[in-house]
Amino acid sequence: MIRILAVGKIKEKANKDLILEYVKRLTPYVKLDIIEIDEAVLAKNASDADIEIVKRAESEKLVSLISPNHHVVLLDLSGKNVSSTDFSHYIFKQYVHGNSDITFVVGGSHGVSDSLRKRA
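All figures in this text were calculated on a predicted structure; none of them were measured in a lab.

Draft legend 1. Spotlight on the pairing of strand β2 (residues 32-37). The pairing of strand β1 (residues 2-7) with β2 spans six bridges and is parallel. When the bridges of β2 are listed, Ile4 appears paired with Ile34. Following the backbone out of β1, through helix α1 (residues 13-26) and into the adjacent parallel β2, one traces a crossover that is right-handed.

Put into structure tokens, the structure is as follows:
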């Protein structure tokens, strides 16, 4: 099973259509579950402390949706860029090593908490 957890909703029709196309391609091979949670709304002049509170709240919600036995991959701006080929090899390697349940996490616009980063 592959689960994608994301903060926020996809709004653009072109992106929605692309996602639906990939879901259609993948479902014959793997159970796929996509869960989007609401992104917290912050004032334009939000303090660093307010942003940290939002990051923690969003991250706690995401963590609550992750099964203990899932291998977690955080998709993050500060993460490592990999090619499609390397990405597919990584997923294959997880399956070979018994990690057939993988959760991909896409954090909110302000990132994720350190505790979620450590879980990934």
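Draft legend 2. Representation of the environment of Ala57. Looking at the secondary structure, you find Ala57 in helix α2 (residues 48-64). Accessibility expressed as a relative area gives 44% for Ala57, which makes it partly exposed. On a C-alpha basis, the gap between Ala57 and Ala40 in space is 8.6 Å, while along the polypeptide they are 17 residues apart.

Draft legend 3. Quick peek at the layout of surface pockets. Volume-wise, the largest pocket comes out at about 1500 Å³. Every element with two or more residues in the lining of the largest pocket is listed here: β1, α1, β2, β3 (71-75), α3 (84-96) and β4 (102-106). The biggest single contributor to the lining of the largest pocket is α3, with eight residues. Residue composition of the lining of the largest pocket, by class: 27 nonpolar, six polar and ten charged.

Draft legend 4. The sheet that holds β3, seen in detail. The parallel open sheet is built from four strands, whose spatial order is β2-β1-β4-β3. Edge strands, defined here as strands with exactly one partner in the open sheet, are β2 and β3. On average, adjacent strands in this sheet sit at an angle of 15° to one another, irrespective of strand direction. Both β3 and β4 contribute to a ladder of five bridges, which runs parallel. Of the residues in β4, the one forming a bridge with Val72 is Thr103. Lying on the sheet, α3 is in contact with β1, β3 and β4; it crosses β4 at an angle near 140°.

Draft legend 5. A look at the side chain of Arg3. In this fold, Arg3 is placed in strand β1. With a relative accessible area of 13%, Arg3 lands in the buried category. Within polar-contact distance, the side chain of Arg3 engages the side chain of Asp33 at 3.4 Å. Residues within four places of Arg3 in sequence aside, it is in contact with Asp33, Ile35, Leu65, Ser67, Ile102, Thr103 and Phe104.

Draft legend 6. Broad picture of the pattern of salt bridges. In total, this model carries seven salt bridges according to the counting rule given. Put simply, Arg3 and Asp33 hold a salt bridge, and the shortest N to O gap is 3.4 Å. Here the residue Arg3 occupies a position in strand β1, and Asp33 occupies one in strand β2, the gap between them amounting to 30 residues. We classify Asp33 as partly exposed; its relative accessible area is 21%. A salt bridge links Lys9 to Asp38; its shortest N-O distance comes to 3.9 Å. Highlighted residues: Lys9 in the loop between β1 and α1 and Asp38 in the loop between β2 and α2, separated in sequence by 29 residues. According to the relative accessible area criterion, Lys9 is partly exposed, its value standing at 42%. One salt-bridge network, held together by shared partners, links Glu21, Lys24 and Arg25.

Cut-offs applied
Residues numbered from 1 in each chain as written. Predicted model: local features only at pLDDT ≥ 70, side-chain atom pairs only at ≥ 80, totals over all residues. Heavy atoms only, no water. Pairing = 2+ DSSP bridges. Helix = DSSP H or I, 4+ residues; strand = E, 2+ residues; numbered from the N terminus. Right-handed = clockwise from strand over helix to strand, strands pointing away. Buried < 20%, exposed > 50% of the residue type's maximum accessible area, 1.4 Å probe, protein only. 1 Å grid on protein atoms, 1.4 Å probe; cavity = no way out; pocket = protein on both sides within 12 Å on 5 of 7 lines; lining within 4 Å. Points joined across faces, edges and corners; volume = space filled by probe spheres on them. Nonpolar A, V, L, I, M, F, W, Y, C, P; charged D, E, K, R; others polar. Axes fitted to C-alpha atoms, helices over the stretch in contact; angles between N-to-C directions. Contact = heavy atoms within 4.5 Å. Polar contact = N/O pair within 3.5 Å; in protein donor to acceptor, adjacent residues only side chain to side chain. Salt bridge = Lys/Arg side-chain N within 4 Å of Asp/Glu carboxyl O.

None of this, on its own, says anything about what the molecule does.
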